[in-house]
Amino acid sequence: MKDFPILRRSMRGGKRLTYLDSGATSQKPQSVIDAQSTFYAEKNAAVHRGAHLLAEEADAAYEGARKIVANFIGAEIDEVVFTKSATESINAIAYSFSNSGAGSRFSLKPGDSIVVTEMEHHANLIPWQQLARRTGATLKWIPVTQEGRLDYSTLDHLVDSSTKVLAFTHQSNVLGTINDVAQLVAAAKKVGALTVLDACQSVPHFAVDVKSLGVDFLAFSGHKTLGPTGIGILWGRAELLDAMEPYLYGGSMIESVTMESATWAPAPRKFEAGVPNMAGAVGFGAALEYLNSLGMENVHAWEQELTQYALDKFSELKGVTVIGPKDAIDRGAVISFTVEGIHPHDVGQVLDQHGIAVRTGHHCAWPLMKKYGITGTTRASFYIYNTLADIDTLVAGVISAQEYFKVI
Amino acid sequence: MELDSLYQEVILDHYKHPHHKGLSAEKDVQVHHVNPSCGDEVTLNLSVDGGIVSNISWDGVGCSISQASTSIMTELVTGKSVADAYIILDNFSELMASKGTMKGNEDLLEDAVALAGVSKFPARIKCALLGWMAFKDASVQAIDGSEKP
């Protein structure tokens, strides 16, 4: 905790900060803040161009960060594309597909289908809705059960010979549910569909190895993984990235250019038009090194302990319903809940008064809220810097909200 | 406690016992407004007769602030001319933007002055304005509709 300067600041009324909103964005260790600042202070230059010392050092720092990311997820270096966010990464895949010519394995047409799940974040739903709209393909979705798991019994009839893409989240940002990637990938492979994994809520929290998962594409963000905002990752299997069309055109991404036409640099450069977010990438590299120093097994074990403790404590609360799996099996450190008689915004407001930062609302998963017949939830999401005492503070805060609104 | 400046008793009263809630069959126009950041929704039915708000009713889901504020608004504008309602609306908008520096004109805003504390909580201002913006939208449509031959 000492590594995270923001956790030392005081909140309303001098209360200490209980930060339970890491699902939205994580806090940053000093080493990440320093890495960005040092890059600007000592190495700043445009990468991939320029023949001076600064450009060489900036290049080494930026490409060094790419190598750290690749090692972190078990990828080849050239399979790692820097984007501005996971949202951009997923849109990049969808736009690359629609930029592909007819007959390409990435092109979709009427009669084809794209399958997502009912628990997707808007960022892994709307790009596919729009790709379907642009191409005439049909969007289908795997339903979620009352317990907050995917209904795998629907897989066989939803993922069929028409399916070209199966896009799903590794861990739900609302429910905490960790999906069975192996089963979903097997269903997609059987029909030759490409798989896209939204790993925003998994890569920060447990070891993820792209090769063993068997997916084709994976997206995650820097800022949820202790890194800076404005940096995201698109990973794709090398042969797919090679065959795909770019989605942004301009400087840096070309091989040669005439007044009439241009050809593209090999991946990942082909997908990184313009001067990239160099300091962001370097800061992100520092964030992953910080996680490496902790060990992802330890990160996961600690979050499992927090999850179990929180679920136990919440099960004792009257008038409080946890939305999502009630056990800690295949479940991440996210507790979404409703409080009978109090709107999530009002719960969040009372918690804020106690220095507790939570997320309230629909969590960019509006269809999931509708599924459960609620307008929103209050969500506490945990990370490495949280303690069991934070959960006690949260539980006391929820009770104080119930008292304030006189519902108990 | 700072919270009490936000959740005044009159707000909690309106939240628990909202006025004009439940959609009336009588309406010239119906609008549906949402707060995309939190999912709160309000559906508002409005009738304007000779420039006067003759009937207003609403339904919705949302936090105490959005629900109470909508209830207070409907109470305020009923029976008033649309022009007078806009004066109230402008005054209320100014209060919401005041960052806690204004108390609100009680003669004009009545119960709505209880919402003055909201202006100190930037994240909640949109909640307080949800119903009011729905009314503004509905009244513009109602007037446009009545001017057509």
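Residues numbered from 1 in each chain as written. Chains lettered and ligands numbered in written order. Predicted model: local features only at pLDDT ≥ 70, side-chain atom pairs only at ≥ 80, totals over all residues.

S.K.: Looking at this structure, I do not really get the overall build of chain B. What am I missing?
M.R.: Counting its secondary structure elements, chain B contains six helices and three strands. For 149 residues, the compact-globule formula gives about 15 Å, and the C-alpha radius of gyration of chain B, at 15 Å, lands near that figure. Considering only intrachain contacts with a sequence separation of at least 6, the fraction spanning at least 24 residues in chain B is 62%. (Helix = DSSP H or I, 4+ residues; strand = E, 2+ residues; numbered from the N terminus. Rg over C-alpha atoms; globule rule 2.2 N^0.38 Å. Contact = placed C-beta atoms within 7 Å.)

S.K.: What exactly am I supposed to notice about the overall build of chain A here?
M.R.: Across its full length, chain A carries 13 helices and 15 strands. Rg of the C-alpha trace for chain A: 22 Å, near the compact-globule value of 22 Å for 408 residues, within the 12% margin. Looking at the 408 residues of chain A, the share that counts as buried comes to 50%. Long-range pairs, those at least 24 residues apart, make up 69% of the contacts in chain A with a sequence separation of at least 6. (Buried ≥ 20, exposed ≤ 12 C-beta atoms within 10 Å, placed from the backbone.)

S.K.: Can you walk me through the pairing of strand 12 (residues 334–339) of chain A in this structure?
M.R.: Residues in a regular strand point their side chains to alternate faces of the sheet. All names here are of chain A. For strand 12, the buried fraction is high: six of the six residues fall into the buried class. With burial as the criterion, each face of strand 12 is covered, one bearing Val334, Ser336 and Thr338 and the other bearing Ile335, Phe337 and Val339. Of the strand pairs in this sheet, strand 12 and strand 15 (residues 377–381) are connected by four bridges, and their pairing is antiparallel. Residue pairing for strand 15: Val334 is matched across the bridge by Ser381. (Pairing = 2+ DSSP bridges.)

S.K.: Would you mind showing me how to read the sheet that holds strand 14 (residues 359–361) of chain A here?
M.R.: The pairing of strands in a sheet happens through backbone hydrogen bonds and is either parallel or antiparallel. Residues and elements named next belong to chain A. Strand order across the open sheet formed by four strands is 11-12-15-14, with antiparallel pairing between neighbours. The open sheet has two edge strands with one neighbour each: strand 11 (320–323) and strand 14. On average, each strand axis in the sheet is tilted by 30° relative to the strand beside it, whichever way the strands run. (Axes fitted to C-alpha atoms, helices over the stretch in contact; angles between N-to-C directions.)

S.K.: Explanation requested: the sheet that holds strand 7 (residues 217–221) of chain A in the structure shown.
M.R.: Residue and element names in this part refer to chain A. One open sheet accounts for seven strands, arranged 2-8-7-6-5-3-4; its pairing is mixed. Looking at which strands have only one partner, the edges of the open sheet turn out to be strand 2 (80–83) and strand 4 (138–142). Recorded for the sheet is a direction-independent mean angle of 20° between the axes of neighbouring strands. Two elements, strand 7 and strand 8 (residues 232–236), share five bridges in a ladder whose sense is antiparallel. The partner of Phe220 across the bridge, within strand 8, is Ile233.

S.K.: Looking at this model, I keep getting lost on helix 1 (residues 30–43) of chain A. Mind explaining?
M.R.: For an α-helix the count is 3.6 residues per turn, leaving residues at separations of three or four pointing the same way. All names here are of chain A. The terminal C-alpha atoms of helix 1 lie 19 Å apart, and with 14 residues this matches the ideal 20 Å at 1.5 Å per residue to within 8%. For helix 1, every residue scored as buried is listed here: Val32, Ala35, Gln36, Phe39 and Lys43. The secondary structure elements touched by the buried residues of helix 1 are helix 2 (53–73) and helix 9 (278–294). (Expected span 1.5 Å × (residues − 1).)

S.K.: Where do I start with the domain arrangement of chain A in this structure?
M.R.: Reports often express the size of an interface as the amount of accessible area lost when the parts come together. All names here are of chain A. Taken as a whole, chain A is organised into domain 1 (5–20 + 295–404) and domain 2 (31–292). Relative placement of domain 1 and domain 2: their C-alpha centres are 29 Å apart. Contacts between domain 1 and domain 2 engage 22 residues on the former and 22 residues on the latter. Counting only elements with at least two residues in the side of domain 1 that touches domain 2, the list comes to helix 10 (296–315), strand 12, helix 12 (366–371) and strand 15. (Domains from an automatic or database assignment.)

S.K.: I would appreciate a short explanation of the nonpolar core in the present structure.
M.R.: Looking at soluble globular proteins, one finds that nonpolar side chains tend to be buried together. Counting 110 residues, the largest nonpolar core has Ile114(A), Leu166(A), Leu218(A), Ala219(A), Trp235(A) and Val282(A) as the members making the most contacts within it. If one sorts the elements of this core by residue count, helix 9 of chain A sits on top with 10 residues. Three or more residues apiece are contributed to this core by two domains, here domain 1 (5–20 + 295–404) and domain 2 (31–292) of chain A. When neighbours within four sequence positions are excluded, Ile114(A) is seen to be in contact with Trp128(A), Leu131(A), Ala132(A), Ala137(A), Leu139(A), Lys164(A), Val165(A) and Ala167(A). Core analysis: the next-biggest nonpolar cluster, separate from the first, contains 41 residues, Tyr7(B), Trp58(B), Val77(B) and Leu109(B) among them. (Core = buried A, V, L, I, M, F, W, Y, C linked by C-beta atoms within 7 Å.)

S.K.: Please clarify how the interface of chain B and chain A should be interpreted in this entry.
M.R.: Listed per partner, the contact involves 12 residues of chain B and 16 residues of chain A. Take the side of chain B that touches chain A: its biggest share by element is three residues, from helix 1 (residues 2–6) of chain B. For the side of chain B that touches chain A, a count of residues per class yields six nonpolar, four polar and two charged. (Nonpolar A, V, L, I, M, F, W, Y, C, P; charged D, E, K, R; others polar.)

S.K.: Even after reading the chapter, I still don't get the environment of Trp366(A), so can you show me in this structure?
M.R.: Residue and element names in this part refer to chain A. In this structure, Trp366 sits in helix 12. For Trp366, a count of 17 C-beta atoms within 10 Å translates into the label partly exposed. Linking Trp366 and Glu120, residues 246 residues apart in sequence, is a C-alpha distance of 9.3 Å.

S.K.: What is the right way to look at the environment of Glu289(A) in this model?
M.R.: Tracing the backbone through its elements, the reader meets Glu289(A) in helix 9. Residues Glu289(A) and Val32(A) lie 257 residues apart in sequence; the distance between their C-alpha atoms is 9.4 Å.

S.K.: Mind showing me how you'd approach unusual backbone geometry here?
M.R.: The phi torsion of most residues other than glycine is negative, and most of the peptide bonds are trans. The step from Ala267(A) to Pro268(A) runs through a cis peptide bond, and the omega angle for that step is 5°. Inspection of the secondary structure assignment puts Pro268(A) in the loop between strand 10 (262–264) and helix 9. One non-glycine residue, His20(B), lies in the positive phi region at around 60°. Secondary-structure assignment places His20(B) in the loop between helix 2 (9–16) and strand 1 (29–35). The phi dihedral of Glu110(B) is positive, around 50°, even though this residue is not glycine. Relative to the assigned elements, Glu110(B) resides in the loop between helix 5 (106–109) and helix 6 (125–147).

S.K.: What am I meant to see in the environment of Ile408(A) here?
M.R.: Residues and elements named next belong to chain A. Within the element layout of this structure, Ile408 appears in the segment after helix 13 (388–404). What makes Ile408 partly exposed here is the crowd of 14 C-beta atoms within 10 Å. Setting aside chain neighbours within four positions, we find Ile408 in contact with Lys318, Gly319, Gln402 and Glu403.

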